[in-house]
Amino acid sequence: METFDKVKEIISSQLGLSADFEFTMKTTFEEIDADSLDLVEVVMAIEDEYGIEISDEAISEMECMGDLVNFINDLK
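What counts as what
Residues numbered from 1 in each chain as written. Predicted model: local features only at pLDDT ≥ 70, side-chain atom pairs only at ≥ 80, totals over all residues. Heavy atoms only, no water. Helix = DSSP H or I, 4+ residues; strand = E, 2+ residues; numbered from the N terminus. Rg over C-alpha atoms; globule rule 2.2 N^0.38 Å. Buried < 20%, exposed > 50% of the residue type's maximum accessible area, 1.4 Å probe, protein only. Core = buried A, V, L, I, M, F, W, Y, C linked by side-chain atoms within 4.5 Å. Contact = heavy atoms within 4.5 Å. Lys, Arg positive; Asp, Glu negative; His and termini not counted. Salt bridge = Lys/Arg side-chain N within 4 Å of Asp/Glu carboxyl O. Phe/Tyr/Trp six-rings, centres within 6.5 Å; stacked < 30°, edge-to-face > 60°.

Draft legend 1. Focus on the overall build of the protein chain. Within the protein chain one finds 4 helices and 0 strands. Listing the helices and strands of the protein chain from first to last along the sequence gives α-α-α-α. For 76 residues, the compact-globule estimate of 2.2 N^0.38 gives 11 Å, and the C-alpha radius of gyration of the protein chain, at 11 Å, lies within 12% of that figure. The C-alpha extent of the protein chain, read off along each of the three principal axes, is 30 × 25 × 20 Å. Per-residue burial for the protein chain yields a buried fraction of 41% across its 76 residues.

So this is what it looks like as C-alpha cells:
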C-alpha cells in the first residue's frame, strides 16, 4: 500500500471520516476539521504504523496531506 493510501486510511479511521471523502495531496487539515488534538492522535497512529518519530516542530510545519506523506517518504 502506498504511503498516501495508508495515511488516508489512518486519518479516516482516527477522525471518523466517511470512506467517500476525497483526499488529495493538497487536502489541508483544516478542510477535514482536524484540530491539534486530532493531529496528535493521527501522528501517534502514523508513528506506530511506520516505526518513526515526528517532532512537534515538524507537525507544526505541516499544512496538508502532501506535507505529511512527503515527510514519511523522506524517512523511508
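Draft legend 2. Representation of unusual backbone geometry within the structure. Even without glycine at this site, Asp 33 takes up a positive phi of about 55 degrees. Residue classification places Asp 33 among the exposed positions, given a relative accessible area of 66%.

Draft legend 3. Structural context of the nonpolar core. Judged by nonpolar contacts, the single largest core of 23 residues is most densely connected at Val 7, Ile 11, Phe 29, Ile 32, Ile 46, Ile 54 and Leu 68. Elements with a contribution of two residues or more to this core: α1 (3-15), α2 (36-50), α3 (56-61) and α4 (65-75). Ignoring any residue separated from it by four or fewer positions in sequence, one finds Leu 68 in contact with Val 7, Ile 11, Phe 29, Ile 46, Ile 54 and Met 62.

Draft legend 4. Region of the structure containing the side chain of Glu 47. With respect to the helices and strands, Glu 47 occurs in helix α2. This buried residue, Glu 47, is left without a salt bridge; Lys 6 holds the nearest opposite charge, at 15 Å. Those residues in contact with Glu 47 that sit more than four places away from it in its chain are Ile 52, Glu 53 and Ile 54.

Draft legend 5. A look at the packing of aromatic side chains. Counted under the stated rule, the structure contains 1 aromatic pair. Note on Phe 21 and Phe 23: the rings are 4.8 Å apart at their centroids and 65 degrees apart in plane angle, and the pair reads as edge-to-face. A relative accessible area of 27% places Phe 21 in the partly exposed class. A relative accessible area of 7% means that Phe 23 is categorised as buried.

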